[in-house]
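# Descriptive structure summary
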Amino acid sequence: MKLQATSAVLSLLLVGSWAQALLPNITLPTCDSPEAQAATQVALDYINAQNTHGYKYALNQIEDIKIITRPDGAQTYMLELEFLETKCHVLDPTPAAQCPIRTIAETAVEADCDVALSKTAGVLSVVAFKCKTETETPDSDLGPCVGCSSLIPLNDTDAALLVQASLDIFNKNNTFNSVFALFEVGRLSSQVVSGGLKLSAEYAIIETNCTSTDDKGCVPLNHTVARHGFCFSEGIGLATSVNCQIYLTMEQIVDPASNITAPPAPPQVLLHAHTAGPGLSPAIHALKHHKLTALHDPSASGLLSAESAESVEAPVVVVPVAPVVPEVPAVVGDVPADVSADVPAGAAPVVKREVAAEAATPAAEEKAAEPLLAAGVPLVPRCPGKIIHFST
């Protein structure tokens, strides 16, 4: 009888070991670790390349990272990132890292993105991402700011008149021997000033086949050879001002390190005008700001849906954060969905932020911000990472 019982126990142990070997491992690096930074840069470059309207984005904070390693060695990186809108339009050749960030006072735009990447043969590539884009405005206990600039819809009728009037002024006075057409409205705002209502507009333009404003039937050139530009205009009543910057064509891009013309960059997959013609999208232009793609999952990976059972039950390896406390075990097995209850002291609790979820309560945020203690030694939280620009 004892022999049968022993055999049954051994069988259960063998089955358990076999099942455990089939489960993936989950590694939790720190959000400011080199591998987190490298994966984030790949994600940011990919999302900016996919963004075909509005402005480029820059990283503000890495909020969480999880690396899932399967028994066959395949790795999936799951990132939670916070981006901020820059002032560089997607047509602007300036690298996103060099673009100025729009401040909260200017009505900043924030994008919370969940990104899934795969790592094959040491190369990271984006599999899917989803983003929630919203504005950030200055907090005030006194209510709305009277006299402050505020965003208005991108299809506002009065602002559209300002855009056309200012573009006409530029076309009549530019020295490029070309007529430019409206490509896209980037941002519109209004402000009450002493002279009345001031409207401000930011918009992208594209070179046409016309050389004079007297020409009729002007058609935008192919984007690979056309010059593009970006304009800032303001108007109070009949007084209108405009300032446009024209970008070099792809064939004219100069490498500043060598001062020679660089090979043409691969064409960005843009291109239809979002403000007029067959490419017009009323769903976009009834908004007050452009948004990143809500969900991009071309291979239908399903990685950004609800957490799978296998990822919940998989062993979790918490990468230690300096200073290292020897008493803290490095591996936690069979961590349930709420891993914060079972993560050892010295490791930050893992909190999954869904982009559609409500914001955490102030009490929870305050608790999460407190440094962890182990053996009386303060530890740096694993995540979130450092804030690069400002807290949102």
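Preceding this section is the structure that the text describes.
Bear in mind that the values here come from a model prediction, so they are computed numbers and not experimental data. Along each chain, residues carry numbers from 1 onward, in the same order as the chain's sequence is written. Only residues with pLDDT of 70 or above have their local features reported here, since the model is predicted, and side-chain atom pairs are shown and tallied only from 80 upward, although totals for entire chains, interfaces and linings are computed over all residues. Hydrogens and waters are ignored; side-chain quantities use all the structure's heavy atoms.

Attention now moves to the environment of Thr30. By definition, any uninterrupted DSSP run of H or I lasting at least four residues is a helix, any uninterrupted run of E lasting at least two residues is a strand, and each is numbered from the N terminus. With respect to the helices and strands, Thr30 occurs in the loop between strand S1 (25-28) and helix H2 (34-50). Residue Thr30 is classed as buried on the basis of its relative accessible area of 17%. Sequence separation of Thr30 and Pro381 is 351 residues, and the distance between their C-alpha atoms is 8.0 Å. Each residue is placed in one exposure class: buried if its accessible area under a 1.4 Å probe, protein chains only, is under 20% of its type's maximum, exposed if it is over 50%, and partly exposed if it falls in between.

This next bit is on the packing of aromatic side chains. In this scheme Phe, Tyr and Trp rings, the latter by its six-membered ring, pair at centre separations within 6.5 Å, and the angle between planes marks the pair as stacked below 30 degrees, edge-to-face above 60, and tilted otherwise. Counting across every chain of the model gives 5 aromatic pairs. Ring geometry for Tyr46 and Phe129: centres 6.2 Å apart, planes at 80°, overall edge-to-face. Placement of the pair is Tyr46 in helix H2 and Phe129 in strand S5 (residues 123-136), with a sequence separation of 83 residues. Seen from their ring centres, Tyr55 and Phe230 are 5.9 Å apart, and the 80° between their planes marks the pair as edge-to-face. With Tyr55 in strand S2 (residues 55-69) and Phe230 in strand S9 (residues 228-236), this pair connects stretches of sequence that are 175 residues apart.

What follows concerns the nonpolar core. Residue types Ala, Val, Leu, Ile, Met, Phe, Trp, Tyr and Cys, when buried and joined through side-chain atoms within 4.5 Å, form a set referred to as a nonpolar core. Counting 26 residues, the largest nonpolar core has Ile47, Ile65, Leu79, Phe83, Cys113 and Val115 as its most contacted members. Throughout, a contact is declared for two residues whenever any of their heavy atoms are within 4.5 Å. Here Ile65 is in contact with Leu28, Pro29, Thr30, Cys31, Ala36, Tyr77, Met78, Leu79, Arg382 and Cys383, once residues within four sequence places are set aside. Formed by 17 residues, the second largest nonpolar core is a distinct cluster that contains Ile152, Leu154, Phe170 and Ile205.

So, on to the pattern of salt bridges. Salt bridges are defined as contacts in which a side-chain nitrogen from Lys or Arg sits within 4 Å of a carboxyl oxygen from Asp or Glu. On inspection of all chains with the given rule, the structure shows 7 salt bridges. Between Arg102 and Glu85 there is a salt bridge, and its shortest N-O distance comes to 2.8 Å. Linking Arg102 in the loop between strand S3 (75-89) and strand S4 (108-120) with Glu85 in strand S3, this pair joins segments that are 17 residues apart in sequence. Here Glu85 falls in the buried class, since its relative accessible area comes to 2%. For Arg187, the salt bridge is made with Glu85, and the minimal N-O distance between the two is 3.3 Å. Taken together, the residues span a long stretch of sequence, with Arg187 in strand S7 (residues 180-193) and Glu85 in strand S3 at a distance of 102 residues. Accessibility expressed as a relative area gives 6% for Arg187, which makes it buried.

A few words on helix H3 (residues 157-173). How far a helix is expected to stretch is found by multiplying one less than its residue total by 1.5 Å. Taking 1.5 Å of rise per residue, the 17 residues of H3 would be expected to cover 24 Å, and the 25 Å separating its terminal C-alpha atoms lies within 8% of that figure. Turning to H3, its buried residues are Ala159, Leu162, Val163, Ser166, Leu167, Phe170 and Asn171. Down the axis of H3, the sector holding all buried residues measures 160°, keeping them to one side. For H3, the exposed residues set more than 90 degrees away from the buried face come down to Thr157, Leu161 and Lys172. Here the buried face of H3 lies against S7, strand S8 (196-207), S9 and strand S10 (239-246). Two N or O atoms count as a polar contact when they lie within 3.5 Å, although within protein this holds only if one can serve as hydrogen donor and the other as acceptor, and sequence-adjacent residues are included solely when both atoms are side-chain atoms. Regarding H3, its N-cap is Asp156, as a side-chain oxygen of that residue lies 3.1 Å from the backbone nitrogen of Asp158 further along. To obtain the arc, one takes the directions from the helix axis to the C-beta atoms.

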